[in-house]
Each structure stands twice: as C-alpha cells, then as structure tokens.
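Fold and geometry: a report
Chain by chain, the residues run as shown.
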Amino acid sequence: MNYIVNLKDVNSNNVELVGGKNASIGEMIQNLSAKGIQVPGGFATTISAYKSFLSQNNLDKKIQHLISSLNTSNLSKLNKASAQIRNWILKEKFSPEFEKAISKAYTELGSPTVAVRSSAIAEDLANASFAGAHETYLNVKGLKNLLKAIKLVFSSYFTSRAIAYRHDQSFEDAAFALSAGIQPMIRSDKGASGVIFTLDTESGFDKVVLVTASYGLGEAIVQGKVNPDEFFVYKPALLENKSAILQRKLGSKAVKMIYANAKDPHGYIKTAPVKQADRLKYCINDNDIIKLAKHAVLIEKHYGKPMDIEWAKDGITGELYILQARPETVKHQPKSNGQVLERYSIEKKGKVLAKGESIGQRIVSGVTRVIASPSQMNSLQPGEILVTDMTDPDWEPIMKRAGGIITNKGGRTCHAAIIARELGIPAIVGCGDATKTIASNIKVTVSCAEGRQGYVYAGALPYKVDKTSINDLPPIPVKLCLNVGNPDIAFQSQFLPNSGVGLARIEFIISNLIGIHPNAVLSLSTLPKKLQQEILLKTNAYKNPVEYYIEKLREGISMIAAAFYPKPVIFRFSDFKSNEYANLLGGSHFEPCEENPMIGFRGASRYYDAKFRACFELECKAFKRVRETMGLTNAHLMVPFVRTVDEIQSVTKLMEKFGLTRGINGLLLYMMCEIPSNVLLASEFLPYVDGFSIGSNDLTQLTLGLDRDSSAVSSLFDERNPAVKAMLHLAIAECKRQNKYIGICGQGPSDHPDFAAWLMEEGIQAISLNPDSIVETWLKLSKLNKIAEMVSE
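Throughout what follows, the structure given in this document is the object of discussion. It should be emphasised that the depicted structure is a prediction, and the values quoted were computed from it without experimental measurement.

1. Structural notes on the overall build of the protein chain
Looking only at helices and strands, the protein chain has 30 helices and 30 strands in total. Taking 28 Å as the expected radius of gyration for a compact globule of 793 residues, we find that the protein chain reaches 30 Å, a close match to that expectation. The burial tally for the protein chain puts 58% of its 793 residues in the buried class. Looking at the protein chain alone, contacts between residues at least 24 apart form 70% of all its contacts between residues at least 6 apart. Of the accessible surface of the protein chain, which amounts to about 31,300 Å², a share of 50% is contributed by carbon and sulfur atoms.

Right, dumping it as structure tokens:
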C-alpha cells in the first residue's frame, strides 16, 4: 500500500487519492509553477492510508454504527458523539509501516517546521466548500509532533461541524475520507498572509480581484480574529499592464498569529498584538497586491471558474506563495430566477446600534441573542439574530438557525462571512463592540442593503423587497442612466438595466472616503497642532496627506468607472456648498460663513478662485490618473453651477492647465444646466461643452424663486410648473439645434410619469435615475410610449 505521495506527483484527477485540497495543490505545482506561481511542495497521506487506519480493530464500523442513528439537529448528542469518535481515533496507534513512510518522507523534505492540513474527498469542490470544517495545524516540528498532528487532522473528519455539514449536504460519511497534506511552513508569521477571491464576493461582479491581507499567519483572517486590509484590483487594467488597483481599505489589524513554543501542536501558534504604527499602514505594498492579483487571474484562467485562494508572504525572504486554491462556492450575484431581480431597501432608519462590513445585500429584522461561546449556542432560537465576538467552524451546526449574524471581529473573507453567504442570510462583521452596544432579546433590523457598510438599527424597521423581471425590457425612445455617488454600490448597481451613469457625484467620496477639507491637506502646517496630528493619523498609510486626498478620490472614481466600463460615466466636479465644506475635517478654517450658501460660493465659481484653485487641481489630478494611468476612458466630466459664459471659459482653461483637455483621448465635458442664465444663454454656453445635463432641482427653485428646503414653500416645488417646462423646452431645443447631448438627472421623471412622457416628447436623450427606481420607470415609460404610438396612429 502507498501510504504517502509527493504533492508534485498529483493533480486534479487525483481527488480520490489525496482529497480535493491536496489535489489542487499538486495541480498548481504541475501547471502553474512554470508561470511564476510559487506553491510550497511536500507530501500527502493517501486516502487508502486513512481508510486502512480506521479499519484497524474495526474502528470504522464502530464509527459508522454511532453516526448512522445520530440526529445532527440535537447539538448535545452531536457534540457527545463527535468527542467519542475523536477520542477513539486519537487512542488508535498508527501501523509501523505508516510511521516509517511518514518518517522517510519527512526526512527527505529536510525535517522542517511544517503545516499539516486536511484534504477531504468532498472538500473544495465547486458545490461544497467545507469552509473550516476540518482542521489545520501550523508550526509543527519533529516527527513525534508530526504524527500527532496527522492523527488530529484525521480525527477532525468527525468534528461536530464536519458531521453536520456532510449531513446538510446529503453526503454519506462512509463514502468520503481524508488525507493530510504536509508542507514546509512559509514564514508569514514575520510577514503577511490573506485570502483572494477572483470576483467581488457580495455582488458577483467578476471584473475584479479582491485581495485581503493581514500581518502574521493566515488563520487569523480565516478564523475572523482580525479585520484585514482589503484591495480591489481591476482585471482588464491588470491584463493591459496599466495601473490596476481600484481601491484600498485599511483594516484595523489589531492582532496577528505568530509562532509559539509549546509541546502540543495546539499551542504551536499564538495571537499577539500588532504595534499601533503597523496598524496604521497597509501590511503589503502595491507591488505585492499586483503580483497576487496576477497570480489569481492565472489560477482562475487555469481552473476556468471563480476561485478562493489563500496566500502568504515570507517575512524573511519577501517571497509570495500560494498555499491553496479552491472554487468559490457562493458566487453571490443579485438573486435572480429567470432574470427576476430582487432588491432590498430600508424604508425608515433608526438609531444605529452597530456598523461594520456588510455581507450580502439583504435586510432582516429579528430578536437578538448575544452569545459569548459555543457552549451557549443552544440558547439561539430559529430566526434570531446571532451577536457574538467572532465565529469559527465550531459554530456551524447552529449558525443555520440564525436569521442574521453580527460579529465584533472579522472581514469579508472570515468564517462568519463565508457561512452567511452559503446560508443566504445577511451578516455584519467587524463591528468592533457589537456585543457591548447590542443587548440580548431586543428587536433590531440588520441592513446590508446600503453599500459595503452594514448597519444594525434599533427596532423592527420597515423595509421592502422589490422583485422585478428584467427579461426583454421593451425598447423606449430615451436612454435611462443611473445616479451613483457611493462607490460601494457600483458593482451591484451595474447589474441593473442601464445606459451608463448620467450623474456620479464625487461629494460622497470626499465626505465619506476622505473626510478632510482639501485646503487642510494643502496647508497642513498652518493648522493647529492637534488638528495636524489628527490629519496625519488619518492619512498615515499614504505618502503624505496630499497624496492621500488624490488617491482616495481616484479610488472612488475608478470604482464607479470600472463597474460600468465601457458605458459612459459622467462625473460631476465637487459641488459642496460652503457650509458642507466647513463640516469636513479642517474645513472651518477655510470656509466663509454665508447667509445663503445655496447660491453662494459653490460650483464653477470655486474652481478658478485663488482660495480654491489648488483644491480643484487635486480633483483634476485624480481624474487624470483614472483616465490615463488606468485606461478608464469612459469617465467623463461635468461642471456644476456655472453662472456666466466667462466662468465656463475660465474653468475649461484651468482644466487644460491641469492636464484635462476636452476632446483629447476622447474626454467629453458636460455642464449642468441648472441656472436660468444657462437656459437663456444656452447658445453661448454650448460651444464650450459637449452638452447639458439638466439639474431639475436647482433649475426649479431658481426659476420659481423658492427654497426647496423650506417647508413653508415646499408645496410650490414642482418640476411640471409651466415656467420650468418653458425653461426645459428652450434648453432641449438648443441642444438639439447644436447637435449636443441633453439629459436630465433628478427624481422628477420617476415621481411624475406624465413629466417623463413630456420629456420624451420634447426629445430628451437621457434620463438619469436612482438605482431603486430605474426598472419601474423603464416600465412606466414603455407603457406611456405605447399609448403615445397608439394615439399617433
């Protein structure tokens, strides 16, 4: 009998010989090593060796007899049976022949410190991940400890979670078996490690690679002990050797797993705190990110499907290694059945009890159950919201009862996140202190439908679920585009029927991703010392505060542009009012106090003003990087609130000075048509731009002379007012006369179908809407168009 086999001698055809994980490792060694992907070698015990071991003294029959009548929903009996079986296995001795084979292979490997990993026949398959169901032992040194670790791995086939998972997947216990893979340790305890997905795990958007990273051994991320750094890499740019990092997100990385000295393999690793200075910077550099993403794309191409990959960086040599790769088992795309789109939206927000990383895009309300350890799991009732510090595979038998999951620790690739996706329930991970801010037995609403950040609200709040068929949407004589400001919803929004993005507001990026006034990073030394320190702390992961501002802006813009590429995305330069800019960090030191900021120092007037010109240059630099270094030439620009023709001339000249020239490299420049002067002098404005986008909100209030935020006159606000429609008619007609683009962004067309019909009759080219109304508006306009066609006949 062959008890062991070298990993370089197996491939994907040998799952029955060494299990899924080891077969995949051998597959990569054989086929991808020549392409520059380093995979640690080693050896594996064979499935037949495992079966032979269990057949000694009829142990396999004893196990099967115990499991055959086991009710896995009875946790007490499940745990008792698991403990009994594992104890039997640990007491059973290996045969002399088996130990001799292990000793020989270990000596030939150089007797190094090794990792001992499980690899089951049914593991790492396209339809069953067995995420964390079996065990891994790291930093194992010496033959005696190696043999013990192998036996522990064998016994992990019968952990409570593994037994329950096989039962849930309808796998027969006797039909499957386990192999142990033995590989030299990569010294990521002194470096970094993480997980890679070759798609966005929340939306299913497959044009990106998601890389997570944290200091130390990778078990910290997998077990959810740490909130890692996250990086999105754009595949098309990667393949063209262009700048490809879409977004960086700094994780807290409070702890790391490192080597420890102990006699038992269980104690061979330990958790240690990460220095504060290291927490405030990314644990891998851009070159590492790009190299890992390229490896991931090669692996995905080889396997022909989205992949879930574990990697490590040796802190001594600086080398990057791929430890394992398996199919991504929960390709979470917008729920569809025959192209039926399911979208959740919160109708009323309440007090926020906790917030963290959202997993999935659903919303659920339920009663909370705060649980500190697996020993308390029986207290969780079906449908309740599980609140805990973190989960590991020991929690799996009960997690399927939960209506939602909330954890203090973990990132998008942690155990709780993976299982929540498999179960199809919303989860919010990495909240920090949810177990303190959320009490047991209270009603909460878990919302994962508001972007990449999830919120836990007090009370059972109202929400809706829209199920819309998007099969064969009827044609309409107008393009429907989306309004997008939050980069975190771009990937999921692009699945909606659309003709691109008609309005991408960068104010959201500045206020939520940057949070600092641009003049504060440009004039840092003039600020009070305490404020300087606060800004330096916030921007520590970047070269300097100015680079932080440009890159964060570039990241937000590129996320939206990449999501919709090659469809056009129109980005509006920042249109904060002075009071809104003042709310940014350091903003009060640079902003005037205005009585009516709505018609004050905003829009184009800012850009060429000496007090803001350098700030505008930062925006131009960010756009230049998006278009030129990343190749996202579908990103176009729009200037808001232009009062005079001289202003649009001044702004375009300034843009040219900062490297953005209309018409060069296909750059289109639009102007918001939102002031009466824009309409009355449209013929003079239009030669300097490629078209208008009508801002119906501002145009309505300025035409009617009312403050749309004033409750005293809000009832008069109506885009259908004859005066407003007269303005719109003039603007549309002039754009058509000059053969220029004319669109409108605002809720008016979706709120008032008759208004939308009128716009279509006038010849509007595009209507830009919020994501939650585009399908409904499409159907309304189609119906109105059919009626109009019938009348005309």
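2. A word on the packing of helix H1 (residues 15–32) against helix H11 (residues 286–303)
Contact geometry of H1 with H11 gives a least axis separation of 12 Å together with a crossing angle of 105°. Relative to H11, H1 is oriented roughly perpendicular. Across from Ser 24, Glu 27, Met 28, Asn 31 and Leu 32 in H1, the residues of H11 making contact are Leu 298, Ile 299, His 302 and Tyr 303. Each residue belonging to the contact of H1 with H11 can be placed in one class, and the counts come to five nonpolar, three polar and one charged.

3. A closer look at the side chain of Glu 310
Among the secondary structure elements, Glu 310 is positioned in strand E12 (residues 307–313). A distance of 2.9 Å separates the side chain of Glu 310 from the side chain of Arg 326, its partner in a polar contact. Discounting chain neighbours no more than four positions away, the residues touching Glu 310 are Gly 194, Val 195, Val 222, Tyr 321, Ile 322, Leu 323, Gln 324 and Arg 326.

4. Focus on a nonpolar patch on the surface
Judged by side-chain polarity, Leu 680, Leu 681 and Leu 730 come together as a nonpolar surface patch covering roughly 280 Å² of accessible area. The topology assignment puts Leu 681 in the loop between helix H24 (676–680) and helix H25 (682–685). A relative accessible area of 34% places Leu 681 in the partly exposed class.

5. Focus on empty space enclosed by the protein
Evaluation of the coordinates by the stated rule reveals four cavities of 30 Å³ or more. By volume, the largest cavity amounts to about 80 Å³. Residue classes in the lining of the largest cavity are distributed as two nonpolar, six polar and five charged.

6. Considerations on the packing of aromatic side chains
Evaluated as defined, the whole model comprises 26 aromatic pairs. Seen from their ring centres, Phe 53 and Phe 154 are 5.9 Å apart, and the 45° between their planes marks the pair as tilted. Remark: Phe 154 occurs in helix H6 (residues 143–155) and Phe 53 occurs in helix H2 (residues 47–55); sequence separation between them is 101 residues. You'll find Phe 53 and Phe 154 in the same group, each marked buried. Sitting over the face of the ring of Phe 641, Arg 602 holds its NZ or CZ atom 3.8 Å from the ring centroid. It is Lys 611 that lies over the ring of Phe 601; its NZ or CZ is 5.5 Å from the centre.

7. Here we look at the environment of Phe 641
You can see Phe 641 is positioned in the loop between strand E26 (635–639) and helix H23 (645–657). Spatially, the C-alpha atom of Phe 641 lies 58 Å from that of Ile 25, the residues being 616 residues apart in sequence. Look past the residues within four positions of Phe 641 in its chain and what remains in contact with it is Asp 575, Met 598, Ile 599, Arg 602, Gly 603, Ala 604, Glu 647, Met 672, Glu 674, Ile 675, Asp 698 and Leu 702.

8. Some points on helix H26 (residues 696–704)
For H26, the full list of buried residues reads Ser 696, Asp 698, Leu 699, Thr 700 and Gln 701. In this structure, the buried side of H26 is in contact with strand E27 (669–673), H24, strand E28 (691–695), helix H27 (722–737) and strand E29 (741–745). Among the residues trailing H26, Gly 705 stands out with phi positive, at a value near 65°.

9. Quick look at the state of the cysteines
For the structure on display, the rule yields zero disulfides. Sulfur of Cys 593: no disulfide; nearest cysteine sulfur belongs to Cys 615 and is 19 Å away. For Cys 593, a relative accessible area of 81% translates into the label exposed. With no disulfide of its own, Cys 735 lies closest to Cys 673 among cysteine sulfurs, the gap being 7.1 Å.

10. Concerning the pairing of E12
Counting buried residues in E12 gives seven out of seven residues, a clear majority hidden from the surface. Both strand E6 (residues 192–197) and E12 contribute to a ladder of six bridges, which runs antiparallel. Within the sheet, the bridge partner assigned to Ala 192 lies in E12 and is Lys 313. Both E12 and strand E13 (residues 320–327) contribute to a ladder of seven bridges, which runs antiparallel. Residue Glu 310 lies in a different strand from E13, and its bridge partner there is Gln 324. Adjacent in sequence and paired antiparallel, E12 and E13 are bridged by six residues, among which Gly 318 carries a positive phi angle near 80°.

11. Quick notes on the pattern of salt bridges
A complete count under the given rule lists 41 salt bridges for this structure. For Lys 464, the salt bridge goes to Asp 466, with nearest N and O atoms at 4.0 Å. On the basis of relative accessible area, Asp 466 is assigned to the partly exposed category, the value being 30%. Among the charged side chains, a salt-bridge network with shared partners connects Arg 248, Asp 286, Glu 547, Glu 551, Lys 552, Arg 554, Glu 555 and Arg 625.

12. Some words on the sheet that holds strand E4 (residues 136–140)
Two orientations exist for strands paired in a sheet by backbone hydrogen bonds: parallel and antiparallel. If you trace the five strands from one edge of the open sheet to the other, you get E1-E2-E5-E3-E4, paired in antiparallel fashion. Of all strands in the sheet, those bounded by a partner on one side alone are strand E1 (4–6) and E4. Going across the sheet, the axis of each strand differs from the next one's by a mean of 20°, ignoring polarity. The pairing of strand E3 (residues 114–120) with strand E5 (residues 178–184) spans seven bridges and is antiparallel. Bridge pairing links Ala 120 to Leu 178 in E5.

13. Examining the environment of Val 209
Inspection of the secondary structure assignment puts Val 209 in strand E7 (residues 208–215). Sequence-wise, Val 209 and Gln 56 are 153 residues apart; in three dimensions their C-alpha atoms are separated by 47 Å. Apart from residues lying up to four places away in sequence, Val 209 is in contact with Ile 196, Phe 197, Thr 198, Phe 231, Phe 232, Val 233, Lys 235, Ala 293, Ala 296 and Val 297.

The rules we used
Residues numbered from 1 in each chain as written. Predicted model: local features only at pLDDT ≥ 70, side-chain atom pairs only at ≥ 80, totals over all residues. Heavy atoms only, no water. Helix = DSSP H or I, 4+ residues; strand = E, 2+ residues; numbered from the N terminus. Rg over C-alpha atoms; globule rule 2.2 N^0.38 Å. Buried < 20%, exposed > 50% of the residue type's maximum accessible area, 1.4 Å probe, protein only. Contact = heavy atoms within 4.5 Å. Areas by Shrake-Rupley, 256 points an atom, 1.4 Å probe, with all protein chains shown as cover. Axes fitted to C-alpha atoms, helices over the stretch in contact; angles between N-to-C directions. Parallel < 35°, antiparallel > 145°, perpendicular 65-115°, else oblique. Nonpolar A, V, L, I, M, F, W, Y, C, P; charged D, E, K, R; others polar. Polar contact = N/O pair within 3.5 Å; in protein donor to acceptor, adjacent residues only side chain to side chain. Patch = residues over 30% accessible without salt bridge, like charges linked within 9 Å, V, L, I, M, F, W, Y side chains within 5 Å. Salt bridge = Lys/Arg side-chain N within 4 Å of Asp/Glu carboxyl O. 1 Å grid on protein atoms, 1.4 Å probe; cavity = no way out; pocket = protein on both sides within 12 Å on 5 of 7 lines; lining within 4 Å. Points joined across faces, edges and corners; volume = space filled by probe spheres on them. Phe/Tyr/Trp six-rings, centres within 6.5 Å; stacked < 30°, edge-to-face > 60°. Lys NZ or Arg CZ within 6 Å of the ring centre and 35° of its normal. Disulfide = S-S within 2.5 Å. Pairing = 2+ DSSP bridges.

What is shown is where atoms sit, not what they do.
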